[in-house]
Amino acid sequence: MRQPPERCLVRPAHRGLVALAAMAVLVAVGAAALLGLRPPGPRGADAPAAAFSAGRAFGLVRAIAVEPHVAGSAANDRVRTRLVDTLQGLGITAEVQDAVSMQGGEPSADAGGVGVAHVRNVVALLPGTAPTGRIFLVAHYDSVQAGPGGNDDAAGVATVLETARALTAGARLRNDVVLVLTDAEEACLCGARAFVDRHPLARGGGVALNLEARGSTGPVIMFETSADNARLVSAYAETPHPVGTSFAVEIYRLLPNDTDFTAFREAGFAGVNSAYIDGAAVYHAPTDVPAAMNTASLQQHGDNALALARDLGDRDLGSVRAGGDATYFPAFGALVTYPGWLTWPLAVLAALAVGALLWLARRRGLAPGRALAAGAALALVPLLLAPALAQLFWWVLTLIRPGYAALPIDPYRPLWFRLAVLALTAAVTLAWYALLRRRVGPAALAVGGLAWLAALGLLLAAVAPGGSYLAALPALAGAVAAIGAILLRAAWAAVFVLVAGAAVAVVVLLPTAVLLFPALGLVTSGVAAFMAALLGLAVLPILDLLYPSLAARRRAALPALVAAVVMLACAAIGLATDRFDAAHPAPTHLMYALDADTGRARWLSRESAPRGWTAQYVSGDPASVADTLPGLGSVHLLSGPAPAADLPAPRLTVVSDTRTGDTRTLRLRLVPQRRVRLVSLHVGAATTVTAATIGGQALPVDHPADGRWGFGLVFHAPPPSGIEATLTVRTTGPVTLRVMDGSDGLAGLPGFRPRPADVGIVGSHTSELVAVARTVTV
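Values in this document were obtained by computation on a predicted structure and should not be read as measured data.

Caption draft 1: The environment of Val-96, seen in detail. Looking at where Val-96 falls in the secondary structure, it is placed in strand S1 (residues 94-102). With relative accessibility at 37%, the residue Val-96 sits in the partly exposed group. Setting aside residues no more than four positions away along its own chain, Val-96 makes contact with Arg-80, Val-84, Arg-120 and Asn-121.

Caption draft 2: Expanded view of the pattern of salt bridges. Summed over the entire model, instances satisfying the criterion amount to 24 salt bridges. For Asp-657, the salt bridge is made with Arg-659, and the minimal N-O distance between the two is 3.7 Å. Judged by relative accessible area, Asp-657 falls into the partly exposed class, the value being 33%. We classify Arg-659 as exposed; its relative accessible area is 53%. Through salt bridges that share partners, Arg-15, Arg-437 and Asp-544 make up one connected network.

Caption draft 3: Up close: the state of the cysteines. All chains considered together, the criterion is met by one disulfide. In this model, Cys-188 is linked to Cys-190 through a disulfide, with the two sulfur atoms separated by 2.0 Å. On the sign convention where negative means left-handed, the S-S torsion of about -130° between Cys-188 and Cys-190 marks this disulfide as left-handed. For the pair Cys-188 and Cys-190, a shared accessibility class is recorded, and that class is buried.

Caption draft 4: Spatial organisation of unusual backbone geometry. The residue after Asp-152, namely Asp-153, is reached through a cis peptide bond having omega 5°. Tracing the chain through its elements places Asp-153 in the loop between strand S3 (134-140) and helix H4 (154-168). A positive phi angle, close to 60°, is found at Ala-184, a residue other than glycine. Within the secondary structure, Ala-184 is located in the loop between strand S4 (176-182) and helix H5 (185-188). Positive phi, close to 55°, is recorded for Ala-717, a residue that is not glycine. Its location among the elements puts Ala-717 in the loop between strand S20 (709-716) and strand S21 (723-730).

Basis of the calculations
- Each chain carries its own residue numbering, running from 1 in the written order of its sequence.
- Per-residue local features of the predicted model are confined to residues with pLDDT of at least 70, and side-chain atom pairs are confined, for both listing and counting, to 80 or more; whole-chain, interface and lining totals are unaffected and use all residues.
- By convention in this description, side-chain values take in all heavy atoms of the structure and omit both hydrogens and water.
- Under the DSSP-based scheme used, a helix requires at least four consecutive residues in state H or I and a strand at least two consecutive residues in state E, with every element numbered from the N terminus.
- The buried label applies to any residue whose accessible area, calculated with a 1.4 Å probe on protein chains only, is under 20% of its type's maximum; exposed applies above 50%, and partly exposed to all values in between.
- Residues count as neighbours in contact if any of their non-hydrogen atoms are within 4.5 Å of one another.
- Within this document, salt bridges are pairs made up of a side-chain nitrogen of Lys or Arg and a carboxyl oxygen of Asp or Glu, the two lying within 4 Å of each other.
- Criterion for a disulfide: a pair of cysteine sulfur atoms at a distance within 2.5 Å.

The structure is reproduced here in structure tokens:
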């Protein structure tokens with residue numbers, strides 16, 4: 001199946017110079033596309049009053065993120081007081097919504113039951129002149145117990161406050177603007193749920209703009225929207241620095257993640273969810289301090305939030321949810337949008353264009369049928385091999401540096417490793433092309449690559465419409481350009497149209513591949529490698545210019561060798577520059593559990609295997625702790641014996657016990673005997689719970705049994721006086737209950753030794769947890 005040299009899409013004279021010029025154009029296009037993703041420079045505190053200033057907002061960040069301020073803590077109370085005082089200083093009346101609320105979103109595997117919390121939301125209203133609806137600026141002011149939340153979500157709170165200040169400096173808007181600073185987001189999204197369910201300002205819904213951070217730097221990405229988002233996306237596209245892709249919405253729906261926006265969306269609000277997500281190594285960790293923040297990202301958060309609030313603030317919000325869903329993606333600092341109904345026509349048109357190219361290539365003798373079939377089949381190789389090797393690359397990194405496995409998704413300084421993955425993908429694609437170019441032919445391989453792009457465009461149109469453009473647009477542009485190159489007589493014109501077609505692929509695919517790295521991390525770097533491999537297939541006609549004539553086989557391996565050397569160099573630089581130290585500590589997870597029934601204590605860890613510092617406390621293989629600690633959920637933990645501390649167990653008393661036939665209604669009071677962050681209560685699996693209420697809230701009782709225990713609840717931020725729950729159960733015998741409380745901080749426990757400076761705490765809701773549990777039979 002050997003092809004003669006002339007069977008390629010274009011045969012320019014001075015092939016080397018043409019290749020350099022074409023690649024220079026594509027590199028320039030790619031650089032411009034990536035520069036459009038960069039956050040703007042931060043404005044200082046002396047910025048105009050009506051403008052958003054990262055300098056002013058950062059002062060608020062430092063005031064909020066002084067220390068961890070988990071819901072229910074004294075530090076949380078201090079932050080809340082600061083927020084109310086700040087709003088009053090702006091002339092805005094703030095109220096505190098004090099409520100007991102159930103969790104929002106879907107419970108995670110380690111939820112341990114129905115999440116409930118005592119929340120205190122800070123709410124304020126900027127009344128409009130003639131409202132057609134309300135705009136809600138939303139962020140959560142609580143942090144996790146392990147870190148001060150300098151980014152997550154002091155950044156969002158400071159953005160809301162600075163945006164409110166800028167709004168009050170200008171003319172009043174037509175529509176109401178409601179500031180919602182929620183509590184207990186980290187625990188269970190309970191603050192947002194309390195607001196949308198029970199606050200008078202939430203009646204009638206509106207447009208929610210949720211502001212988040214899951215890292216410390218990078219562009220602010222609009223990654224989630226409500227349904228029928230066309231008009232909202234159009235408004236967002238007019239903000240100063242719009243970055244977002246409808247593909248991100250499709251990905252987010254597949255991830256087990258929720259934010260406060262979930263509660264608003266499920267309650268019928270329209271809106272968008274935005275966050276900066278790079279630098280995720282500090283996520284939920286003690287290292288999430290204000291100094292870690294890139295204030296350029298804070299500036300982008302504020303510029304976009306302020307512009308969107310002003311835009312929507314003067315619109316008729318009654319028609320904001322209309323026009324179906326839009327397809328959108330970033331390009332050169334702007335947001336390209338088009339109606340979602342064009343998804344299928346463009347996908348089909350791309351498939352037809354590739355079909356036309358296949359017919360033309362065969363008719364012009366550029367590739368016989370067997371070569372075209374081989375090209376299509378073999379184009380799968382880089383699409384499968386590059387992602388597999390990218391995942392292998394990450395596995396090797398975790399062998400070299402085991403601490404990487406405990407980080408959320410990325411090392412502290414992932415840039416060189418990301419470049420290594422891109423170079424690895426380039427090496428795979430170029431080596432594959434060099435091996436097959438002579439046997440199958442350049443034209444057949446190019447058509448085969450476009451065929452897979454077109455097929456993927458059709459598949460995504462069916463299962464993830466917002467992502468179809470990623471394959472359909474490059475396939476359409478590439479096929480049209482290739483057809484033009486075949487029909488044009490002048491070689492320079494053929495090269496021009498091929499470069500134009502490849503440029504479309506670069507603009508569409510390169511930013512998405514780059515954004516996927518911080519979105520999914522190196523832990524799933526195969527996804528970004530797959531996207532990069534798609535880009536490689538889309539630009540094959542231009543890559544072909546790098547290769548000499550088919551007769552010069554020895555030089556054909558040079559591009560792949562160069563890419564491989566670059567990959568190894570990037571990996572080596574990454575390992576040399578990203579070392580654990582006091583500022584970038586190796587994350588570890590450890591907690592302590594005392595069984596008051598037996599007096600036995602255990603160290604527990606969520607790490608996958610004993611290593612380093614935690615190996616002195618835990619050993620063996622991870623195992624379920626659901627039988628003794630159902631409040632931790634169905635997670636599997638490493639364990640090891642620990643000295644028993646003198647810690648009191650929570651006290652459970654029966655306030656009342658009413659029986660009717662085989663039904664009992666129990667009023668129970670659970671009181672922690674120490675200052676704790678949470679308490680939990682679980683009912684034995686042999687007992688059927690038919691109803692449960694707490695704080696006037698009816699709880700779902702269809703919790704599946706997990707070992708010894710069935711229905712359960714986890715109450716966050718319990719008052720010192722305890723909680724009261726009412727359970728209706730169907731049984732004629734005794735009811736077995738398991739109660740647990742949890743505080744934070746291992747210091748002072750017998751047998752605990754402080755971590756060295758270069759060993760840190762992983763960002764987990766159970767890091768440093770001290771749990772005490774007991775069984776009670778009623």
